[in-house]
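Given next are the chains, with one letter for each unit.
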Amino acid sequence: MAQTISGGIRIDGRKSTGTKNAVAFTEPRLVAISMKQHSGIPLIPSVAEGDHVDIGQCIGDNRGAPCCPVHASVSGTVKAVENRGGEVFAVIENDMLYTVTPELEPVDVPLTELSAEDIADRVRKAGIISGGVPACEKLSATAGSVKRLIINCVESEPYLASARRLLLEQPESVIKGAKVLVYALGIRRAVFAAEDGDKELLELLDSRTADKQLFSVKTVKAKYPQSGERELINALYGKEVPAGKRPEEYGFTVFTPEEAAAVYRALATGMPFVHKRITVAGDAIKSPCCLVVPIGATAEEIAEFCGGVKKRFSRLVLGGLMAGKTAESLQCSVGKGTDALLFLSAEKEKKNSGCIRCGRCVRACPMRLMPHLLAAYAEKGKYGKCASLDVFSCTECGCCAYVCPGGVPITEDIRRAKAALGGADVTGEVLNDGKDA
Ligand code: SF4
Ligand code: SF4
């Protein structure tokens, strides 16, 4: 039977892109690859202006820090290594020749001849990020303590459909990636988790995971934010992973289908994580679709590829509608953690008319917080009060702001409080368009 979390919300999917095959966008003229791909840890660029690079060539790393390298996603010439607002980018002009670096090292021995350390090392070299941390950390730091691997096929954010497309179009790469992960973790099986309403996906998973010794499929009811690692573990197993703790400390590890496929590809071909699957959607883009793009492709060129933006376009969101962040400009580029580009109009946005104490935000909060109080104290700068109300347990899922009839920007207020108390990011804001509230 499908399981679920307490709190959370049901949102209409708006997943029209999930019914069409993903398209490869291979011809961006430029890519701008960030040297800060996760956790804010900066990498040290190993290329300079004028250098030639091939696809898959390492262009930045920081061996002394808990991070993994980044690679060229196109072949061409480095036009600049420049600081943009505190973040360094390597800007590469695409020569459209698609030459691949000769440095790739595919595995040419059976998997069983590799140790867990070998696999973690290869996953690190491939620059694979999983859930915001280097995937190699999930494999090495917790070796032996993880009992359950979950392949997270749940896309509970509205619009997002690229994981679904990957599973429907290239299931073998995901299945083989899951097998590698099972082996590397020294466990017996992987659990594929999907929403109970997606019959096509469930049929596919059932048919492709016929080896019940190795795989099982579990379902959750369609509810946001169950695609979050903590929320999914809670929905499936009733276990709470507290804020600040990693699922691996509680015996679980979670990979998305794309991350599992990237692990398989890194071993089978040696190709690092240089392409990203994204959903391009929203009411202000002419041809919404799922794309496979080189990491570093800019929103401007992606929009062009998707037919351009409509006149009413007013805002670009990097990531999902609920937890994504507003981009400063169309010059922003796709990073390893970018799941979506949403081109939106201003028509649906709510105005802040103040809290009417309806309690909807409290009922929607999956972390059982008091969002209205957190927002009120944050607005007044009473951050100590926010801390006493456990503000750091907030996952910034955006459920509270979404359901709020008063249009209170609760999640933005909470982000500000967290930043004031100790260093969270306040550059973004949660979109709150009020639809389906
Ligand atoms: S949902 Fe909005 S209006 Fe209702 S209690 Fe929460 S903050 Fe106040
Ligand atoms: S954003 Fe934070 S406070 Fe709001 S519903 Fe999500 S976890 Fe709760």
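From a predicted model like this one, the values you see are computed outputs, not experimental measurements.

**Some remarks on the domain arrangement of the chain**
Split into domains, the chain comes out as domain 1 (28-97), domain 2 (105-268), domain 3 (275-347) and domain 4 (360-422). Placing the centre of domain 1 and that of domain 2 at their C-alpha centroids yields a distance of 27 Å. Facing 10 residues of domain 1, the contacting portion of domain 2 comprises 10 residues. For the pair domain 1 and domain 2, the summed buried area comes to about 740 Å², and 51% of that belongs to carbon and sulfur atoms. Considering only the surface of domain 1 that becomes buried against domain 2, His38, Arg63 and Cys68 emerge as the three largest contributors, covering 51% of it. Where domain 1 packs against domain 2, one counts 1 salt bridge. When the shortest N-O distance is used, the salt bridge between Asp61 and Arg124 registers 2.9 Å. Its residues placed into classes, the side of domain 1 that touches domain 2 shows 4 nonpolar, 4 polar and 2 charged.

**A word on the sheet that holds strand E8 (residues 87-94)**
Across the sheet, which stays open at both edges, the 4 strands sit in the order E2-E8-E7-E4 with antiparallel pairing between neighbours. The sheet is open, and its two edges are formed by strand E2 (30-34) and strand E4 (52-53), each paired on a single side. Alignment of strand E7 (residues 76-84) against E8, held across 8 bridges, turns out to be antiparallel. Bridging across to E8, Val78 finds its partner in Ile92.

**Topic: the packing of helix H3 (residues 162-169) against helix H7 (residues 257-268)**
Running from N to C, H3 and H7 cross one another at 50 degrees; their axes reach a closest spacing of 9 Å. Judged by the angle between their axes, H3 and H7 are oblique. Taken together, the residues of H7 that come into contact with H3 (itself represented by Ala163, Leu166 and Leu167) are Pro257, Glu258 and Ala261. Taken together, the residues that form the contact of H3 with H7 break down as 5 nonpolar, no polar and 1 charged.

**Details of the site of ligand 1**
Residues in close proximity to ligand 1 include Cys355, Ile356, Arg357, Cys358, Gly359, Arg360, Cys361, His372, Cys404, Pro405 and Ile410, which together make up its full environment. Split into classes, the residues belonging to the shell around ligand 1 amount to 7 nonpolar, 2 polar and 2 charged.

**Thoughts on the site of ligand 2**
The environment of ligand 2 is formed by 13 residues, the closest being Cys365, Cys394, Cys397, Gly398 and Cys400. Put simply, ligand 2 lies in the largest cavity. Counting only elements with at least two residues in the shell around ligand 2, the list comes to helix H12 (399-403) and helix H13 (410-422). Considered class by class, the residues forming the shell around ligand 2 number 9 nonpolar, 3 polar and 1 charged.

Rules of the game
- Residues numbered from 1 in each chain as written.
- Chains lettered and ligands numbered in written order.
- Predicted model: local features only at pLDDT ≥ 70, side-chain atom pairs only at ≥ 80, totals over all residues.
- Heavy atoms only, no water.
- Domains from an automatic or database assignment.
- Contact = heavy atoms within 4.5 Å.
- Buried area = accessible area lost by both parts, 1.4 Å probe.
- Salt bridge = Lys/Arg side-chain N within 4 Å of Asp/Glu carboxyl O.
- Nonpolar A, V, L, I, M, F, W, Y, C, P; charged D, E, K, R; others polar.
- Pairing = 2+ DSSP bridges.
- Helix = DSSP H or I, 4+ residues; strand = E, 2+ residues; numbered from the N terminus.
- Axes fitted to C-alpha atoms, helices over the stretch in contact; angles between N-to-C directions.
- Parallel < 35°, antiparallel > 145°, perpendicular 65-115°, else oblique.
- Near = heavy atom within 4 Å.
- 1 Å grid on protein atoms, 1.4 Å probe; cavity = no way out; pocket = protein on both sides within 12 Å on 5 of 7 lines; lining within 4 Å.
- Sits in = over half its atoms within 2 Å of the grid points.

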